[in-house]
Amino acid sequence: MSGAEGPPLLAIDAVTKRFGGVVALNGVSFQLEANKVVGLIGPNGSGKTTLLNVINGVVSSDEGDVRLGERSIVGRRPSDLAANGLSRTFQTARVFNTLTVVQNLFVPLLHQQTLERSKATARANELLTFVGLERHAGHTASELSGGQQRLLEFARALVTHPKLILMDEPFAGVHPEIKKVLIRCIRETVQKEGASFLIVSHEVPDLVNMSDFMVCLVEGRVAASGLPSAVVHDEKVIEGYLGRG
Ligand SMILES: Nc1ncnc2c1ncn2[C@@H]1O[C@H](COP(=O)(O)OP(=O)(O)OP(=O)(O)O)[C@@H](O)[C@H]1O
Ligand SMILES: [Mg+2]
């Protein structure tokens, strides 16, 4: 996936991360282009969340480089990266429980230097309608179901018009109806806003359907990468992940 017109949106280059004796990531490299969905799969403990943490600056890598466009983003803080178009959702949805649903959407905008209230309100309302939470705008976030909190977290990740959204297991424990909404919203965000997604999920058939490119980590290494249909039939992926009982 190397773009002839310029650098890829995100380049992960020989990233290694150790936690004591555990090598969570071992020379991981791949690239992600603009306007694409990339699926990241692999068994429990294979390094998927660690990789997202390295990309958005929550965890620092021991070796290797991560570039957003032309610039290395190693050592940059998550808030700084958010201002540069990188956004994130978590393995367990994180919302501000005591704030209202609409107030949750204002939080990422508080870091912006020029905040126009009318524009912020319009964007928040647009996104609440987009994910189907408009009726809940004035409710406190703690009143939402777990699935609705995932939708809220997703909407909040989009407020700043990010170029790349990292999502860690967005479908885990989510009602099938909410999963459908999330998948539709991810697709439409790619089409309408030109954003890209890097999505970690154990729900492999869904991820195969929605991804343009897939990467499988096994024990911190890239076991296979390429077209999703090829990756799920790769011997190393079957042996290291899909074929495990
Ligand atoms: N903060 C940490 N301190 C120590 N070890 C860690 C830390 N974070 C992750 N690890 C270890 O790094 C390895 C990779 O963990 P990671 O959470 O990235 O896996 P994962 O692929 O996201 O797994 P899962 O599918 O279960 O979410 C595991 O062995 C884990 O125990
Ligand atoms: Mg994880």
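Presented here is an overview of the structure given in this document. It should be emphasised that the depicted structure is a prediction, and the values quoted were computed from it without experimental measurement.

1. With respect to the overall build of the chain
- Within the chain one finds nine helices and ten strands.
- The C-alpha radius of gyration of the chain comes to 18 Å, within 12% of the 18 Å expected for a compact globule of 245 residues.
- Residues counted as buried form 41% of the 245 residues belonging to the chain.
- In the chain, the proportion of contacts linking residues at least 24 apart, taken out of those at least 6 apart, comes to 69%.

2. Description of the site of ligand 1
- Near ligand 1 the following residues occur: F19, V22, A24, G42, N44, G45, S46, G47, K48, T49 and T50.
- Breaking the shell around ligand 1 down by element, the ones donating at least two residues are β2 (22-32) and α1 (48-55).
- Considered class by class, the residues forming the shell around ligand 1 number three nonpolar, seven polar and one charged.

3. Some thoughts on the packing of helix α4 (residues 117-131) against helix α5 (residues 146-158)
- With their axes 10 Å apart at the nearest point, α4 and α5 run at an angle of 140° to one another. Regarding the angle of α4 to α5, the classification is oblique. In the packing of α4 onto α5, the handedness of the crossing is right-handed. Contacts between α4 and α5 involve L127, L128, F130 and V131 from the former and L151, F154, A155 and L158 from the latter.
- A per-class count over the contact of α4 with α5 returns eight nonpolar, no polar and no charged.

4. Let's talk about the sheet that holds strand β9 (residues 213-218)
- Read from one edge to the other, the open sheet built from six strands follows the order β6-β7-β8-β3-β9-β10, with strand pairing classed as mixed. Pairing within the sheet leaves two strands with one partner each, and these edge strands are β6 (86-89) and β10 (221-226). Averaged over all adjacent pairs, the angle separating strand axes in this sheet is 15°, with direction ignored.
- Pairing geometry for strand β3 (residues 37-41) and β9, over four bridges, is parallel. Paired with L40 across the two strands is V215, which belongs to β9.
- Running at roughly 150° to strand β7 (residues 164-168), α1 makes contact with β3, β6, β7, β8 (196-200) and β9 of the sheet.

5. A look at unusual backbone geometry
- Located in the positive-phi region is H161, a residue other than glycine, with phi close to 55°.
- Along the polypeptide, H161 turns up in the loop between α5 and β7.
- Notably, E219 is not glycine yet its phi reads approximately 50°, a positive angle.
- Within the fold, E219 resides in the loop between β9 and β10.
- A residue is classified by how many C-beta atoms lie within 10 Å of it, and E219, with 15 of them, is partly exposed.

Rules of the game
- Residues numbered from 1 in each chain as written.
- Chains lettered and ligands numbered in written order.
- Predicted model: local features only at pLDDT ≥ 70, side-chain atom pairs only at ≥ 80, totals over all residues.
- Helix = DSSP H or I, 4+ residues; strand = E, 2+ residues; numbered from the N terminus.
- Rg over C-alpha atoms; globule rule 2.2 N^0.38 Å.
- Buried ≥ 20, exposed ≤ 12 C-beta atoms within 10 Å, placed from the backbone.
- Contact = placed C-beta atoms within 7 Å.
- Near = placed C-beta within 6 Å.
- Nonpolar A, V, L, I, M, F, W, Y, C, P; charged D, E, K, R; others polar.
- Axes fitted to C-alpha atoms, helices over the stretch in contact; angles between N-to-C directions.
- Parallel < 35°, antiparallel > 145°, perpendicular 65-115°, else oblique.
- Left-handed = near helix turned anticlockwise from the far one by under 90°.
- Pairing = 2+ DSSP bridges.

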